[in-house]
Amino acid sequence: MEIIDLIVAASAVLIVIAVIHYNITKKKKGKSTGCGGGCSGCSMSGQCMSSQHKFEKGEKK
């Protein structure tokens, strides 16, 4: 294994760790980590909590 392989592997691991840390920090602050709020184009819009609340109030999805 050459030095460039080690550098690339270490960089990939650091990027993954940074993304995980960012998401954990964001979640601890109470911010959303998944949904961007574009329900009209989302295939999971029927499963979304905000869509369910709108449906319960009598609004269209």
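Note that the structure is predicted; figures quoted are calculated from it, not measured.

A.B. asks: Could you clarify how one ought to interpret the overall build of the protein chain in this entry?
C.D. replies: For the protein chain, the count of helices and strands is two helices and zero strands. Expressed as a percentage of its 61 residues, the buried residues of the protein chain come to 3%. Taken as a whole, the protein chain presents about 5600 Å² of accessible surface, with 63% of it coming from carbon and sulfur.

A.B. asks: Before we go on, may I ask you to explain helix 1 (residues 3–28) in this structure?
C.D. replies: An α-helical segment advances 3.6 residues per turn. Residues three or four places apart therefore align on the same side. The first and last C-alpha atoms of helix 1 sit 37 Å apart over 26 residues, in line with the 38 Å expected at 1.5 Å per residue. Just downstream of helix 1 lies Gly30, where phi reads positive at about 85°.

A.B. asks: How should I be thinking about a nonpolar patch on the surface in this particular structure?
C.D. replies: On the surface, a cluster of nonpolar side chains totalling about 670 Å² of accessible area is made up of Met1, Ile3, Ile4, Leu6, Ile7 and Val8. Tracing the chain through its elements places Ile7 in helix 1. Look at Ile7 and you get partly exposed, because its relative accessible area is 47%.

About the criteria used
- Residues numbered from 1 in each chain as written.
- Predicted model: local features only at pLDDT ≥ 70, side-chain atom pairs only at ≥ 80, totals over all residues.
- Heavy atoms only, no water.
- Helix = DSSP H or I, 4+ residues; strand = E, 2+ residues; numbered from the N terminus.
- Buried < 20%, exposed > 50% of the residue type's maximum accessible area, 1.4 Å probe, protein only.
- Areas by Shrake-Rupley, 256 points an atom, 1.4 Å probe, with all protein chains shown as cover.
- Expected span 1.5 Å × (residues − 1).
- Patch = residues over 30% accessible without salt bridge, like charges linked within 9 Å, V, L, I, M, F, W, Y side chains within 5 Å.
- Salt bridge = Lys/Arg side-chain N within 4 Å of Asp/Glu carboxyl O.

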